[in-house]
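Summary of the model geometry
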Amino acid sequence: MLSLFADCAERAERLRRRGAEVVFVAGAELSLMNKGFLPGGDIDERIELLRQPHRVREHIAEVGTRVNDFLGRAVALVRERFGGKVTYASVPLERVDWEPFDIVSMDLYRSAEVADRFAAGVRDLVAQGKPVAITEFGAAGYQGAGDRGALGLAIVEYDKDTRAPVRLDGVYARDEAGQAAYLRELLEVFDAGGVDSAFVFTFALRDHLHRPDGDPRDDLDLASYGIVKVYEDRLGVTYPDMPWEPKAAFAALADFYREH
C-alpha cells in the first residue's frame, strides 16, 4: 500500500502543479478493506465482526494503534511527494489521530443503533477544528434499509467464487421514498453541524441490476445504494440515452443542493 500511495502522490502532484485543486485521500476504511488491522482473512469475516459489537469493543484499541501507525508512515511518504491537502476516509472504530491531516474525513452511516446520538457525533467531529468531509453516506432502497445503515447490502447473496451478486436472500418491499428521506435527513444534519463536504454513496451500483419482472429476489437494485436504478436490457425514460432511471433519491439530492 505504501508503494501504491507513493506512486499516486507523484501523479497527484503532477495534476496539482498544472493548476488542479487536488486532495489526496490516503486510503479508505483500511481496517475493513485490508488484512492486518482487524481479525479476519477476508472482508466478509471482518464485516461479520462489525455485527457483533462486543467483539468490536475487544479490538478497538488495537485497531486504532495499527491504523494510526500505518497512516503516520503513509502521510509522511505522501507529503514528501505531494504539496496539497491530505486526508483519509475513516470509519469510526479506527479512532484516527487527525493531527497529521488537513481534513477530518469519515464514512458515516446512521443506523437504528446510533440514531439518537448521530447528530452529536457529527458536531464532535466538527469541534476538532479542522474541515470535515463525510466521504461516504447513504442507504439502500428497501423498507427498513435506513435502520441498517452501512449494512444494507447484507441481504444480497454473492457467488462464493466470483463475488458477483446473485440474488436477494428474501423478498423485500421497495422504498425509494425512504431512501430519499434518509439522504435528506443526513444532509440536514451535516449542514446544521457545520460539515464542509459530503459525498453520497453512490450514483450507481452497476452490478446490482433493477429487474422489476420475475422473481422479486432477482431485483438486486433493492439492495443498491445507488440513486439511480440500472437496467441490463433497456434504456431509461428520463434520460433516453442512459441505461438507468433516477430514483427518488436522485431528485432529493438535486433539490437539497438547489436549495443550499
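Residues numbered from 1 in each chain as written. Predicted model: local features only at pLDDT ≥ 70, side-chain atom pairs only at ≥ 80, totals over all residues. Heavy atoms only, no water.

Of the regular secondary structure elements, the chain holds eight helices and nine strands. Taken over C-alpha atoms, the radius of gyration comes to 19 Å for the chain, in line with the 18 Å a tight globule of 260 residues would show. Projecting the C-alpha coordinates of the chain onto the three principal axes gives extents of approximately 55 × 45 × 40 Å. Relative to its full complement of 260 residues, the chain shows a buried share of 43%. Considering only contacts in the chain between residues 6 or more positions apart, those separated by 24 or more positions represent 62%. Accessible area for the chain stands at about 13500 Å²; split by element, carbon and sulfur atoms hold 51% of it. Positive and negative side-chain charges of the chain, numbering 33 and 45 respectively, have mean locations separated by a distance of 4 Å. (Helix = DSSP H or I, 4+ residues; strand = E, 2+ residues; numbered from the N terminus. Rg over C-alpha atoms; globule rule 2.2 N^0.38 Å. Buried < 20%, exposed > 50% of the residue type's maximum accessible area, 1.4 Å probe, protein only. Contact = heavy atoms within 4.5 Å. Areas by Shrake-Rupley, 256 points an atom, 1.4 Å probe, with all protein chains shown as cover. Lys, Arg positive; Asp, Glu negative; His and termini not counted. Charge placed at Lys NZ, Arg CZ, Asp CG, Glu CD.)

The next point concerns the pairing of strand β2 (residues 85-90). Of all six residues in β2, five are buried, a share of seventy percent or more. Across four bridges, strand β1 (residues 23-28) lies against β2 in parallel orientation. Residue pairing for β2: A28 is matched across the bridge by A89. Sheet analysis places β2 next to strand β3 (residues 104-107), joined by two bridges and oriented parallel. By the bridge assignment for β3, A89 is matched with S105. (Pairing = 2+ DSSP bridges.)

What follows concerns the sheet that holds β3. Strand order in the open sheet formed by five strands is β1-β2-β3-β4-β7, with parallel pairing between adjacent strands. The sheet terminates laterally at β1 and β7 (197-200), the two strands that pair on one side only. On average, each strand axis in the sheet is tilted by 20 degrees relative to the strand beside it, whichever way the strands run. (Axes fitted to C-alpha atoms, helices over the stretch in contact; angles between N-to-C directions.)

Turning next to the pattern of salt bridges. All told, the structure shown has 24 salt bridges when counted by the stated rule. With a shortest N-O distance of 2.9 Å, K229 and E176 are connected by a salt bridge. Of the two residues, K229 sits in strand β8 (residues 228-230) while E176 sits in helix α7 (residues 176-193), which places them 53 residues apart along the sequence. Since its relative accessible area comes to 14%, K229 is described here as buried. (Salt bridge = Lys/Arg side-chain N within 4 Å of Asp/Glu carboxyl O.)

This paragraph deals with the packing of α7 against helix α8 (residues 248-259). Taken N-terminus to C-terminus, the directions of α7 and α8 make an angle of 25 degrees; their axes are 8 Å apart at the nearest point. Classified by the interaxial angle, the pair formed by α7 and α8 is roughly parallel. Between α7 and α8 the crossing geometry is right-handed. Two secondary-structure elements touch here, α7 through E176, Q179, A180, L183, R184, L187, E188 and D191 and α8 through A248, A249, A252, L253, D255, F256, Y257 and E259. (Parallel < 35°, antiparallel > 145°, perpendicular 65-115°, else oblique. Left-handed = near helix turned anticlockwise from the far one by under 90°.)

This next bit is on the nonpolar core. Core analysis: the largest hydrophobic core is formed by 67 residues, its most contacted members being F24, I134 and F190. The element best represented in this core is helix α4 (residues 53-81), accounting for eight residues. The contacts of F24, once residues within four sequence positions are left out, are F5, C8, A9, A12, V78, F82, K85, V86 and T87. (Core = buried A, V, L, I, M, F, W, Y, C linked by side-chain atoms within 4.5 Å.)

This part takes up α7. Residues separated by three or four positions in an α-helix point in the same direction, a consequence of the helix having 3.6 residues per turn. Helix length check: α7 (18 residues) gives 26 Å between terminal C-alpha atoms against 26 Å at 1.5 Å per residue, within 8%. Along α7, the positions that sit buried rather than exposed are E176, Q179, A180, Y182, L183, L186, L187, F190 and G193. End-on view of α7: buried residues confined to an arc of 165 degrees, all on one side of the axis. Exposed residues on α7 whose side chains face more than 90 degrees from its buried face are A177 and A192. Elements that come into contact with the buried residues of α7 comprise α5 (118-126), β4 (132-137), α6 (145-148), β7, β8 and α8. Positive phi appears at G194, one or two residues downstream of α7, with a value of about 90 degrees. (Expected span 1.5 Å × (residues − 1). Arc of directions from axis to C-beta.)

Moving on, we get to the environment of D196. Inspection of the secondary structure assignment puts D196 in the loop between α7 and β7. Using a relative accessible area of 57% as the deciding quantity, one classes D196 as exposed. Note: C-alpha distance between D196 and K130 (66 residues apart in sequence) is 9.5 Å. Here D196 is in contact with P131 and V132, once residues within four sequence places are set aside. A polar contact is formed between the side chain of D196 and the side chain of S197, at a distance of 2.9 Å. (Polar contact = N/O pair within 3.5 Å; in protein donor to acceptor, adjacent residues only side chain to side chain.)

On their own, these measurements won't tell you what the molecule is for.
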